[in-house]
Amino acid sequence: MASFGWKRKIGEKVSKATSQQFEAEAADDKDLADDDDANWMHAAKRKKEVLLEDCVKKSKQLKDEGASLAENRRYQEAIHKWDEALQLTPEDATLYEMKSQVLMSLHEMFPAVHAAEMAVQRNPRSWDAWQTLGRAQLGLGEIGLAIRSFQVSLHIFPMNPEVWKEDLSWARKLHEQQKATKTEAVQALAKEKELAQESIPDYDFESDEIVAVCAAIAEKEKALSAAKTVVIVSASGTVETVTEKENCPATPDETLFIRAR
C-alpha cells in the first residue's frame, strides 16, 4: 500500500501557455455570465413595466366605469369600482377626489373628508382636490378649515371663478353668521348671569300695611282654632256634625261608633 503524503499544488506542472489559455477561457465565461445577468435584469425590469402598464390601463377602465355609474346616481357601485382601481393604482389622487364627491352626495361627510385628505396628500398641487376637501369640511361644519382649503385651491389656480364666487364666498358668509350667533349667545349668557346676581329687593317689613296684613291673618287663625267641628257617626248610622268650643269639648254618648275630624 502506498504511503499517504501531501498533494503537490496543481499548478506546479502546468505550462505558462496552458495557464494563459485557462485564464482567457475563464474571462470569456465571466463575460457570458455578466451578459446573462444583464439580460435577466432587463427582462425582469421590462416585465415589471408591462405589469404596471396593465395596472394603469385596468385602473383607468375602472375609473371610467365608476364615473359613468356616478353620473347615473349609482353611487355605491361607483365607489366599488374606484376602490378596485385604487388597489391597482393607490397613488391616483383623482380616484380619491371623485370618491369624496360621491360620498358627499350620500351625506357621508366623515369618509368624504378622509378621501379628500388622501387626494391632497397624493397630489398637493391639485386645485380641484383642495376644492373638494373644502366642500367636505364645510359639510362637516368645519368652516374655518374649509376657508383655508378654498384659499389653497385659489393659490394654485387663481383664475377659478367657481371657487371665488361660490365656495369661498359662501364659506365666508357662513363664518360671519357663525360669529354673530356666538356673539349673541355670549351676550345672552352674560345677561342671564347679571340677572341671577341681582340682589333681592329690600322690602320694609315694618310698614303699616304689612303689620295690618299680619294681624288679619293672625285673627283668622285664632278664630279657626277657637271653633272646631267634629263628625260623629252613631251605631245606628246617623251622621251628626258638632261644633266644639275651646275648653268646652262636646262629649258623645255611649252610642259613639266613629269619630272623625
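Please refer to the structure higher up on the page.
Residues numbered from 1 in each chain as written. Predicted model: local features only at pLDDT ≥ 70, side-chain atom pairs only at ≥ 80, totals over all residues. Heavy atoms only, no water.

### Details of the overall build of the protein chain
- Per the secondary structure count, the protein chain includes 8 helices and 3 strands.
- In the protein chain, the succession of α and β elements from N to C terminus is α-α-α-α-α-α-α-α-β-β-β.
- Of the contacts formed within the protein chain by residues at least 6 apart in sequence, a portion of 40% connects residues at least 24 apart.
- Split by element, the accessible area of the protein chain, about 20300 Å² in all, is 57% carbon and sulfur. (Helix = DSSP H or I, 4+ residues; strand = E, 2+ residues; numbered from the N terminus. Contact = heavy atoms within 4.5 Å. Areas by Shrake-Rupley, 256 points an atom, 1.4 Å probe, with all protein chains shown as cover.)

### Quick word on the packing of aromatic side chains
- For the structure shown, the criterion picks out 1 aromatic pair.
- On the basis of an interplanar angle of 55° and a centroid distance of 5.3 Å, the ring pair of Trp-127 and Phe-157 is categorised as tilted. Within this pair, whereas Trp-127 is found in helix α5 (residues 127-139), its partner Phe-157 is found in the loop between α6 (143-156) and α7 (161-196), the two being separated by 30 residues in sequence.
- What makes Phe-157 partly exposed here is its relative accessible area of 31%. (Phe/Tyr/Trp six-rings, centres within 6.5 Å; stacked < 30°, edge-to-face > 60°. Buried < 20%, exposed > 50% of the residue type's maximum accessible area, 1.4 Å probe, protein only.)

### Considering the packing of α5 against α6
- Between α5 and α6, whose axes approach to 8 Å, the crossing angle comes to 165°. With respect to each other, α5 and α6 are oriented roughly antiparallel. The crossing of α5 and α6 is left-handed. When α5 is examined against α6, the residues Trp-127, Trp-130, Gln-131, Leu-133, Gly-134, Arg-135, Gln-137 and Leu-138 are found in contact with a partner set consisting of Ile-143, Leu-145, Ala-146, Arg-148, Ser-149, Phe-150, Val-152, Ser-153 and Ile-156.
- Residue classes in the contact of α5 with α6 are distributed as 10 nonpolar, 5 polar and 2 charged. (Axes fitted to C-alpha atoms, helices over the stretch in contact; angles between N-to-C directions. Parallel < 35°, antiparallel > 145°, perpendicular 65-115°, else oblique. Left-handed = near helix turned anticlockwise from the far one by under 90°. Nonpolar A, V, L, I, M, F, W, Y, C, P; charged D, E, K, R; others polar.)

This is a description of form; function is not addressed.
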